[in-house]
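Below, each chain spelled out in residue letters.
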Amino acid sequence: MNPDLVRLGFTPPFAGHFAAHTAEHAATRLPARVVTEHRGAYRVHDGTSERWAVITGRLRHEAESPLDMPAVGDWVVLDETPDTEGRAVIQAILPRRTAFVRRAAGLDKKPQVVAANVDHVFLVSSLNRDFSPRRLERYLALARESGADPVILLSKADLVDPGPAIEAASAIARGVPIHASSSLTGEGIEIVRGYLRDNTTGVLLGSSGVGKSTLINRLLGEDRLATSPVRDDDDKGRHTTVRRELVVLPTGGIVIDTPGMREIGLWDTGSGLDEAFDDVADLAAHCRFSDCRHEKEPGCAVQKAVAEGALSAERLASYKTLQKEGDRIEMASDPRARSEEIRKNRVQARALRAHLQKKRG
């Protein structure tokens, strides 16, 4: 296997998928990894160099959702025969090993693949004003669903004592590694580098101004990515990073930089929510009713834990909020689920009317 491709994360499973796609066109096709996306065109790396590429009309026509389009980190089948503008052509997307997917910002409520084929999802939160346990829970639910391993990075440890934030994060992220870091002093940089050995890929996610690009520059040993200081009045970033970008580190490993996320909408969390709230899920297994909503049902182990102080009311409220949000997304994307919910509501309404009529009668 080409060692330059291996360095980009091209593992035997990807090689197998690629061979299946190119049996009849081996002479003109090669694997490449998506580095950035620019309004429908892509920068891809074939192990030797970067080039521009576009997708075929067939691939665009057959795409049923944005999930079927290339994303940063994807491995694609590239046809070297250039189009009329000299760009290579993406013929297929190889099956993803992992994918961090969120609901895109705005009103269309469509899914967006933030990063594909990553091993570690670094959830970056600055210690000065950005740290929020509730927002971290959202990130963790999506990270768990992605299939990658989450790692919490508490940046700007040179400004604030990380102890309280580490304690708060530990309470809501059982089993997830938590590290304090500072790109100014170098604290935690080698720990991050340790996750990104050989052909391992990581993605940095977090709000603007938490220091994602600065951290990558420290890993690179040069100021390659543009950075800006945060505003003095509110410590908010200036959105220096405008697009997702895959960066190959000189010491091995790959890292994906991302713009700051204003919205962290859930999308198809599945088991990710229960994994992120495993303490709630463990308690729910002991509720008297299997469909317990953890409100006023008798025998609710979750409400009992809240009453006894073993589970915070804020954490339960956050779980319910994310659960309802996930349910709404599922109904919106699945007509059968939406129809079933409507049917249940009608049955409940008829039962209520019958009950009220019986009382009046």
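Calculation rules
Residues numbered from 1 in each chain as written. Predicted model: local features only at pLDDT ≥ 70, side-chain atom pairs only at ≥ 80, totals over all residues. Heavy atoms only, no water. Helix = DSSP H or I, 4+ residues; strand = E, 2+ residues; numbered from the N terminus. Buried < 20%, exposed > 50% of the residue type's maximum accessible area, 1.4 Å probe, protein only. Contact = heavy atoms within 4.5 Å. Areas by Shrake-Rupley, 256 points an atom, 1.4 Å probe, with all protein chains shown as cover. Salt bridge = Lys/Arg side-chain N within 4 Å of Asp/Glu carboxyl O. Lys, Arg positive; Asp, Glu negative; His and termini not counted. Pairing = 2+ DSSP bridges. Axes fitted to C-alpha atoms, helices over the stretch in contact; angles between N-to-C directions. Phe/Tyr/Trp six-rings, centres within 6.5 Å; stacked < 30°, edge-to-face > 60°.

**Here's the deal with the overall build of the protein**
And step 1. Along its length, the protein carries twelve helices and 13 strands.
And step 2. Among the 361 residues that make up the protein, the fraction classed as buried is 46%.
And step 3. If you take every contact in the protein between residues at least 6 apart in sequence, the share linking residues at least 24 apart comes to 66%.
And step 4. Total accessible area on the protein is roughly 18400 Å²; 49% of this is exposed by carbon and sulfur atoms.

**Concerning the pattern of salt bridges**
And step 1. One pass over the structure, following the stated rule, counts 16 salt bridges.
And step 2. For R134, the salt bridge identified is with E137, shortest N-O distance 2.8 Å. One end of the pair is R134 and the other is E137, both in helix 4 (residues 133–146) and three residues apart, which spans about a single turn.
And step 3. Overall, R134 belongs to the partly exposed group, its relative accessible area being 32%.
And step 4. Assessed through its relative accessible area of 1%, E137 is described here as buried.
And step 5. The shortest N-O distance in the salt bridge between R174 and D282 comes to 3.2 Å. In this pair, R174 sits in the loop between helix 5 (163–172) and strand 10 (178–180) while D282 sits in helix 9 (residues 278–284), placing the two residues 108 residues apart along the sequence.
And step 6. Residue D282 is classed as partly exposed on the basis of its relative accessible area, which comes to 43%.
And step 7. Connected through salt bridges with shared partners, the residues R134, E137, D279 and R315 form a single ionic network.

**Thoughts on the side chain of K320**
And step 1. Relative to the elements of secondary structure, K320 occurs in helix 11 (residues 313–333).
And step 2. Of the side chains bearing the opposite charge, E295 lies closest to the buried K320, which forms no salt bridge; the N-O distance is 4.5 Å.
And step 3. With sequence-adjacent residues up to four places away left out, K320 is seen in contact with R293, H294, E295 and Q303.

**Structural notes on the sheet that holds strand 1 (residues 29–38)**
One key point about sheets: their strands pair by backbone hydrogen bonds, in either a parallel or an antiparallel sense.
And step 1. If you walk around this closed barrel you meet the five strands as 1-2-3-5-4, and the pairing is mixed. Across the sheet, the mean angle separating the axes of adjacent strands is 55 degrees when strand polarity is ignored.
And step 2. The pairing of strand 3 (residues 50–55) with strand 5 (residues 88–93) spans three bridges and is parallel. By the bridge assignment for strand 5, V54 is matched with V89.
And step 3. Each of strand 1, strand 4 (75–79) and strand 5 is contacted by helix 2 (residues 12–21), which is oriented at about 110 degrees to strand 1, the strand it contacts most.

**Topic: the sheet that holds strand 9 (residues 149–155)**
And step 1. Read from one edge to the other, the open sheet built from six strands follows the order 10-9-8-11-13-12, with strand pairing classed as mixed. The open sheet has two free edges, formed respectively by strand 10 and strand 12 (245–248), since each of these has just one partner strand. Strand-to-strand twist across the sheet, computed as the mean angle between neighbouring axes with direction ignored, equals 25 degrees.
And step 2. In this structure, strand 8 (residues 120–126) lies alongside strand 11 (residues 201–205), joined through four bridges in parallel fashion. Bridged to L123 within strand 11 is L205.
And step 3. Helix-sheet contacts for helix 4 involve strand 8, strand 9 and strand 11, and the interaxial angle to strand 8 is about 170 degrees.
And step 4. Seen against the sheet, helix 7 (residues 212–220) touches strand 8, strand 9, strand 11, strand 12 and strand 13 (254–257) and runs at an angle of roughly 155 degrees to strand 13.

**So, the packing of aromatic side chains**
And step 1. Counted by the stated rule, this structure contains four aromatic pairs.
And step 2. Ring plane angle 55 degrees and centroid distance 4.7 Å describe the contact between F10 and W75, whose orientation is recorded as tilted. One end of the pair, F10, is in the loop between helix 1 (3–7) and helix 2; the other, W75, is in strand 4, with 65 residues separating them in the sequence.
And step 3. Here W75 falls in the buried class, since its relative accessible area comes to 0%.

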